[in-house]
Amino acid sequence: DTAVSQTPKYLVTQMGNDKSIKCEQNLGHDTMYWYKQDSKKFLKIMFSYNNKELIINETVPNRFSPKSPDKAHLNLHINSLELGDSAVYFCASSQDRTGKLFFGSGTQLSVL
Amino acid sequence: ELKVEQNPLFLSMQEGKNYTIYCNYSTTSDRLYWYRQDPGKSLESLFVLLSNGAVKQEGRLMASLDTKARLSTLHITAAVHDLSATYFCAVDMLYSGYALNFGKGTSLLVTP
């Protein structure tokens, strides 16, 4: 079983569209995250979500919104997609203060 | 703002040679993480260093942490082609839901 799974793996869409990426973890972890990796491989934290507490990176546009129906899921919804949103989005989870993250396989988002 | 700096960002080395990747960070933290990413793949945890003076080894890779100097090193011994990948160091962002702040990554190419 995949520990952290995200779908879809590839997402190609037009500017202005709204899209969602789903993430599920079966590790029983308490905290989940979304990271964005740009074309230069730079990884930037977007959100962390722990016990219904959402911590947002202040640089993330409000077009991005995480939604967590339960502890095992953290989905990412993006409104009004822009060219600059093209990147690989990684979901991750961790259990405790050791902070070791387990990453999903990534979603390659291409905005045309 | 927590800054994590790696150097070098690009490294081409011959098989059989030794080299060290450096990771400096700007604020107090006693936890440092190393990840590996193969092209088009997710991130894989290599080492978790949880205290000053921590040293961990796995195969040809050895990581160490000096929290007083705010420095971690990843030493490669007798490199082989299979080690070609991008290596990231990352540091806890305290009070941020345990999210990690990543360096820009070191792209390592091991050539015959």
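Higher on the page you've got the structure.
These numbers come from a predicted model, not from an experiment.

(A) Spatial organisation of the overall build of chain B. The helix and strand tally for chain B stands at zero helices and 11 strands. Ordered by position from the N terminus, the helices and strands of chain B form the series β-β-β-β-β-β-β-β-β-β-β. Taken over C-alpha atoms, the radius of gyration comes to 13 Å for chain B, in line with the 13 Å a tight globule of 112 residues would show. Overall, the C-alpha framework of chain B stretches about 45 × 30 × 20 Å when taken along its three principal axes. For chain B, the residues scored as buried account for 47% of the 112 residues in total. Of the contacts made within chain B by residues no fewer than 6 positions apart, 54% connect residues no fewer than 24 positions apart.

(B) Spatial organisation of the environment of T59 of chain A. Residues and elements named next belong to chain A. Secondary-structure assignment places T59 in the loop between β6 (53–56) and β7 (64–70). Sequence spacing of T59 and F102 is 43 residues, and the spatial spacing of their C-alpha atoms is 24 Å. Side chain to side chain, T59 and K44 meet in a polar contact 3.0 Å long. Polar contacts involving the side chain of T59 include one to the side chain of N57, which spans 2.8 Å.

(C) Spatial organisation of the sheet that holds strand β8 (residues 73–78) of chain A. Residue and element names in this part refer to chain A. The strand order β1-β3-β8-β7 describes an open sheet built from four strands, whose pairing is antiparallel. Edge positions in the open sheet fall to β1 (4–7) and β7, since each of these has one partner strand only. Geometrically, the sheet is characterised by an average inter-axis angle of 20° between neighbouring strands, direction not taken into account. Here strand β3 (residues 19–25) runs beside β8; their pairing, made up of four bridges, is antiparallel. In the sheet register, K19 faces β8, and the bridge partner there is I78.

(D) Structural view of the packing of aromatic side chains. Inspection of the entire model under this criterion finds nine aromatic pairs over all chains. Ring centres of F90 of chain A and F103 of chain A lie 6.1 Å apart, and the angle between their planes is 90°; on these two criteria the pair is classed as edge-to-face. On the criterion of sequence distance, the pair formed by F90 of chain A in strand β9 (residues 87–94) and F103 of chain A in strand β10 (residues 102–103) is long-range, its members being 13 residues apart. Neither F90 of chain A nor F103 of chain A differs from the other in exposure class; each is buried. A centroid spacing of 5.6 Å and a plane angle of 85° characterise the contact between F103 of chain A and Y35 of chain B, whose relative ring orientation is edge-to-face. Separated into two different chains, F103 of chain A in strand β10 and Y35 of chain B in strand β4 (residues 32–37) make up a pair that spans both.

(E) How the structure looks around the pairing of β4 of chain B. Residue and element names in this part refer to chain B. β4 sits mainly inside the fold: six of its six residues count as buried. Burial of β4 is two-sided: the residues L32, W34 and R36 facing one way and the residues Y33, Y35 and Q37 facing the other way are all buried. Relative to strand β5 (residues 43–49), β4 runs antiparallel, the two being bridged by six bridges. Counterpart to Q37 in the pairing with β5 is L43. Across six bridges, the pairing between β4 and strand β9 (residues 85–92) is antiparallel. Its bridge partner being in β9, Y33 is matched across the sheet by A90.

The rules we used
- Residues numbered from 1 in each chain as written.
- Chains lettered and ligands numbered in written order.
- Predicted model: local features only at pLDDT ≥ 70, side-chain atom pairs only at ≥ 80, totals over all residues.
- Heavy atoms only, no water.
- Helix = DSSP H or I, 4+ residues; strand = E, 2+ residues; numbered from the N terminus.
- Rg over C-alpha atoms; globule rule 2.2 N^0.38 Å.
- Buried < 20%, exposed > 50% of the residue type's maximum accessible area, 1.4 Å probe, protein only.
- Contact = heavy atoms within 4.5 Å.
- Polar contact = N/O pair within 3.5 Å; in protein donor to acceptor, adjacent residues only side chain to side chain.
- Pairing = 2+ DSSP bridges.
- Axes fitted to C-alpha atoms, helices over the stretch in contact; angles between N-to-C directions.
- Phe/Tyr/Trp six-rings, centres within 6.5 Å; stacked < 30°, edge-to-face > 60°.

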